[in-house]
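# Residue-level structure breakdown
These are the residues of each chain, in order.
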2 protein chains.
Amino acid sequence: MDDGTASDGTVEEGFSGKRAAQICGITYRQLDYWARTDLVRPSLADAKGSGTRRRYSYRDLLELKVIKTLLDAGIKLESVRSAFHYLRENLGEDIVSAQLVISGTSAVLVRDGAELIDVVNRTRGQGVLNLLALDDVREELDDAIHLDPAPPDRSARAALGS
Amino acid sequence: MDDGTASDGTVEEGFSGKRAAQICGITYRQLDYWARTDLVRPSLADAKGSGTRRRYSYRDLLELKVIKTLLDAGIKLESVRSAFHYLRENLGEDIVSAQLVISGTSAVLVRDGAELIDVVNRTRGQGVLNLLALDDVREELDDAIHLDPAPPDRSARAALGS
DNA sequence: ACGTGAAACTACGGCGGTGTGATGATGACG
DNA sequence: CGTCATCATCACACCGCCGTAGTTTCACGT
């Protein structure tokens, strides 16, 4: 199932919906819901009716896993939505590089401790800060991909760049 | 309305439900819901049927305002519940003194920046941290009490200890 | 002491968001 | 061209409220 190779021998990149859900530790229903409510759409191939297949990229999985982590931490999906909206608009590939700091509907990336203290001080009176170490999430994701039920196939290795 | 004095001239301590909600910036329905579902019960006088009155203490208001701040930051009520459960069990009067750090269902208090960095580092891989400066909340609350629609009355001043 | 009016709580139905489960539809693969 | 994995759709459940109508009390004036 979903070995990543198509009938013509070409390599299908990325991950099927089912596998994406398994790897990220979310239910398939959640994945489906998020795709249909525009939170995370599969960037390689979106669904176009029954029988078609979604194809998620490695980066998609990363986002899914970050979201899952935020949800587990007790953050509202609504808040996650706006933070991601902001992140996608204001940052390129750097989404996974350091500490993610979410304050209400906006978000920032922070590299080191000093910067963190700085943000914390500047945010005095602005409410609450949510911190997440993104590189940890990446590590967990990579582990999960290798421990996966389906053996790591060419597409997974390709997506990982290893 | 609700000037804090009873007919016999005695001073009723604390704040009515309506005033508590106004001061803390939450709706009366929220206050009611939280009281019914055991999140924050008025410690001076709980409701015992229609016509009775809830009486909230200054400390209650503090908790309400902290909760309101957490909700505004996009934290799920469910998560707030368990954090407060934990806080009430593990800490006495110190709830309002420094930085509140919530990680999943547990919580910690942190005094200075170094301690904060420490916690952040120790929590690597444990998910998300939520930070809140409690003293700021207290300041806001005090301001709100003085700016209140109803003039600060004896009970409010008494509760403030000023 | 007592009627009165308004404040405050209660009950109940409903709504939007976030899913879940079952079942049906359909493209993809062999 | 049949089988099967995957997606679509629908109905339903739960949480966290909101609005409103109903009920009860209590302070106050007489």
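Relevant structure appears above.
An account of the accompanying structure is given in this report. (Residues numbered from 1 in each chain as written. Chains lettered and ligands numbered in written order. Predicted model: local features only at pLDDT ≥ 70, side-chain atom pairs only at ≥ 80, totals over all residues. Heavy atoms only, no water.)

### Describing the overall build of chain A
- Each helix and strand in chain A was counted, giving 7 helices and 3 strands.
- When the helices and strands of chain A are listed from N to C terminus, the series reads α-α-α-α-β-β-α-β-α-α.
- Burial status across chain A gives 47% buried among its 162 residues.
- By sequence separation, contacts in chain A at least 24 residues apart represent 58% of the contacts at least 6 residues apart.
- Surface exposure of chain A reaches about 8,200 Å², of which carbon and sulfur atoms provide 48%. (Helix = DSSP H or I, 4+ residues; strand = E, 2+ residues; numbered from the N terminus. Buried < 20%, exposed > 50% of the residue type's maximum accessible area, 1.4 Å probe, protein only. Contact = heavy atoms within 4.5 Å. Areas by Shrake-Rupley, 256 points an atom, 1.4 Å probe, with all protein chains shown as cover.)

### Quick look at helix 4 (residues 77–90) of chain B
All names here are of chain B.
- Over its 14 residues, helix 4 extends 20 Å from the first C-alpha to the last, a length consistent with the 20 Å expected when each residue adds 1.5 Å.
- Every buried residue of helix 4 is accounted for by Leu77, Ser79, Val80, Ala83, Phe84 and Leu87. Looking straight down helix 4, one finds its buried side chains confined to an arc of 145°; they lie on one side. Exposed positions of helix 4 whose direction lies more than 90 degrees from the buried face are Glu78, His85 and Glu89. (Expected span 1.5 Å × (residues − 1). Arc of directions from axis to C-beta.)

### Points about the interface of chain B and chain A
- In this complex, chain B contributes 26 residues to the contact, which on the side of chain A involves 25 residues.
- Roughly 2,100 Å² is buried in total at the junction of chain B and chain A, and carbon and sulfur atoms are behind 59% of that figure.
- Where chain B touches chain A, the interface holds 0 salt bridges.
- Applying the counting criterion to the chain B and chain A interface returns 6 residue pairs in polar contact (both at pLDDT 80 or more).
- Breaking the side of chain B that touches chain A down by element, the ones donating at least two residues are helix 3 (58–72), helix 5 (113–122), strand 5 (128–133) and helix 6 (134–146) of chain B.
- Per-element tally for the side of chain B that touches chain A: the top contributor is strand 5 of chain B, with 6 residues.
- Tallied by class, residues from the side of chain B that touches chain A come to 12 nonpolar, 9 polar and 5 charged.
- Where strand 3 (residues 128–133) of chain A and strand 5 of chain B come together, 5 bridges link them in antiparallel fashion. What sits directly across from Leu129(A), in strand 5 of chain B, is Leu131(B). (Buried area = accessible area lost by both parts, 1.4 Å probe. Salt bridge = Lys/Arg side-chain N within 4 Å of Asp/Glu carboxyl O. Polar contact = N/O pair within 3.5 Å; in protein donor to acceptor, adjacent residues only side chain to side chain. Nonpolar A, V, L, I, M, F, W, Y, C, P; charged D, E, K, R; others polar. Pairing = 2+ DSSP bridges.)

### What to know about the relation of the copies chain B and chain A
- Once chain B has been moved 0.1 Å along the axis and rotated by 180°, it coincides with chain A to within an RMSD of 0.1 Å. Such a turn and shift between the copies fits a two-fold axis.
- The share of interface residues of chain B whose copies in chain A are also at the interface is 96%, consistent with both copies meeting through the same surface. (Least-squares fit on C-alpha atoms with pLDDT ≥ 70 in both.)

### Quick word on the pairing of strand 2 (residues 106–110) of chain A
All names here are of chain A.
- Looking at chain direction, strand 1 (residues 99–103) and strand 2 are connected through 5 bridges and run antiparallel. Note that in strand 2 the partner of Leu100 across the bridge is Leu109.
- Between strand 1 and strand 2, which pair antiparallel one after the other, the connecting turn spans 2 residues, and Gly104 there sits at a positive phi close to 65°.

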